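Listed below are the residues making up each chain.
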Amino acid sequence: MPSLFDGFGSMLADVFGDAVLHTPREPQGSVPVTITARFRLKPIEVLEADGSAVLIHEPTLRVPEPVASTIKTDDLIRPEGEALYRVLNRHEGGSPDVERSVIFKLREVSENV
């Protein structure tokens with residue numbers, strides 16, 4: 001059933017998002033692609049699928065679907081003007097919106113990855 005908030009996640013990314021380079025882990029030698037996402041260094045609170053709140057202390061990246069489905073664990077992320085990060089995991093949240101935002105937990109890595 002359509003909702004008033006359908007598409008809201010991608011709209012927020014378009015308005016408040018940053019240019020971020022995403023380099024897929026597979027296949028080896030993949031070329032980085034620029035995506036629009038919201039990168040945060042400060043802790044954020046996210047809702048799990050069951051509605052419980054969890055505080056994430058690591059850097060995070062919020063990406064709307066369908067782009068979020070292209071990001072996998074161990075992919076590399078480089079926000080504009082920032083360090084290089086590896087994707088640790090994803091938090092789906094509880095939104096039923098097909099364009100919902102997915103939050104990825106990141107860890108800074110060395111440039112020699």
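Look above for the structure.
Residues numbered from 1 in each chain as written. Predicted model: local features only at pLDDT ≥ 70, side-chain atom pairs only at ≥ 80, totals over all residues. Heavy atoms only, no water.

K.L.:
Let's hear about the overall build of the chain: which residues, and what values?
P.N.:
Helix and strand counts for the chain stand at 1 helix and 8 strands. The helix and strand sequence of the chain, counted from the amino end, reads α-β-β-β-β-β-β-β-β. Each of the 113 residues in the chain was classed as buried or not, and the buried ones make up 35%. Summed over all atoms, the accessible surface of the chain reaches about 7000 Å², with 56% contributed by carbon and sulfur. (Helix = DSSP H or I, 4+ residues; strand = E, 2+ residues; numbered from the N terminus. Buried < 20%, exposed > 50% of the residue type's maximum accessible area, 1.4 Å probe, protein only. Areas by Shrake-Rupley, 256 points an atom, 1.4 Å probe, with all protein chains shown as cover.)

K.L.:
Tell me about the sheet that holds strand β1 (residues 18-23), and name the residues and values.
P.N.:
Two pairing modes exist for strands in a sheet, parallel and antiparallel, and in both the strands are linked by backbone hydrogen bonds. Taken in spatial order, the 6 strands line up as β1-β2-β5-β8-β7-β6 and close into a barrel, and their pairing is antiparallel. Here the average twist between neighbouring strands, direction ignored, is 45°. (Pairing = 2+ DSSP bridges. Axes fitted to C-alpha atoms, helices over the stretch in contact; angles between N-to-C directions.)

K.L.:
Tell me about the nonpolar core, and please be specific about residues and values.
P.N.:
Formed by 15 residues in total, the largest nonpolar core has its most connected members in Leu61, Val63, Ile77, Phe104 and Leu106. Taken together, the elements giving at least two residues each to this core come down to β2 (33-40), β5 (60-64), β7 (85-91) and β8 (101-108). For Phe104, the contacting residues outside a window of four places in its chain are Pro59, Thr60, Leu61, Val63, Ala68, Ile71, Val87, Asn89 and Arg90. (Core = buried A, V, L, I, M, F, W, Y, C linked by side-chain atoms within 4.5 Å. Contact = heavy atoms within 4.5 Å.)

K.L.:
Can you tell me about the pattern of salt bridges, naming the residues and giving the values?
P.N.:
With the rule as written, the count across this model stands at 1 salt bridge. For the salt bridge of Arg90 with Glu65, the shortest nitrogen-to-oxygen distance reads 3.3 Å. Separated by 25 residues along the polypeptide, Arg90 in strand β7 and Glu65 in the loop between β5 and β6 (76-79) bring together distant segments of the chain. On the accessibility criterion, Arg90 (30% relative accessible area) is partly exposed. (Salt bridge = Lys/Arg side-chain N within 4 Å of Asp/Glu carboxyl O.)

K.L.:
Hey, could you go over unusual backbone geometry for me, with residue numbers and the actual values?
P.N.:
The residue after Glu26, namely Pro27, is reached through a cis peptide bond having omega -5°. The residue Pro27 is located in the loop between β1 and β2 in this model. Cis rather than trans, the peptide bond between Glu65 and Pro66 has omega equal to 5°. Inspection of the secondary structure puts Pro66 in the loop between β5 and β6. Backbone geometry places Asp74, a non-glycine residue, at a positive phi of 80°. As for its position among the elements, Asp74 is in the loop between β5 and β6.

K.L.:
I'd love a proper account of the packing of aromatic side chains, names of residues and values included.
P.N.:
For the coordinates displayed, the defined rule picks out 1 aromatic pair. With centroids separated by 5.2 Å and ring planes inclined at 50°, the aromatic side chains of Phe39 and Tyr85 adopt a geometry described as tilted. Taken together, the residues span a long stretch of sequence, with Phe39 in strand β2 and Tyr85 in strand β7 at a distance of 46 residues. Overall, the relative accessible area of 2% leaves Tyr85 in the buried class. (Phe/Tyr/Trp six-rings, centres within 6.5 Å; stacked < 30°, edge-to-face > 60°.)

K.L.:
Lay out the side chain of His22 in plain terms, naming residues and giving numbers.
P.N.:
Within the secondary structure, His22 sits in strand β1. In this structure the side chain of His22 is engaged in a polar contact, spanning 2.8 Å, whose partner is the side chain of Asp75. (Polar contact = N/O pair within 3.5 Å; in protein donor to acceptor, adjacent residues only side chain to side chain.)

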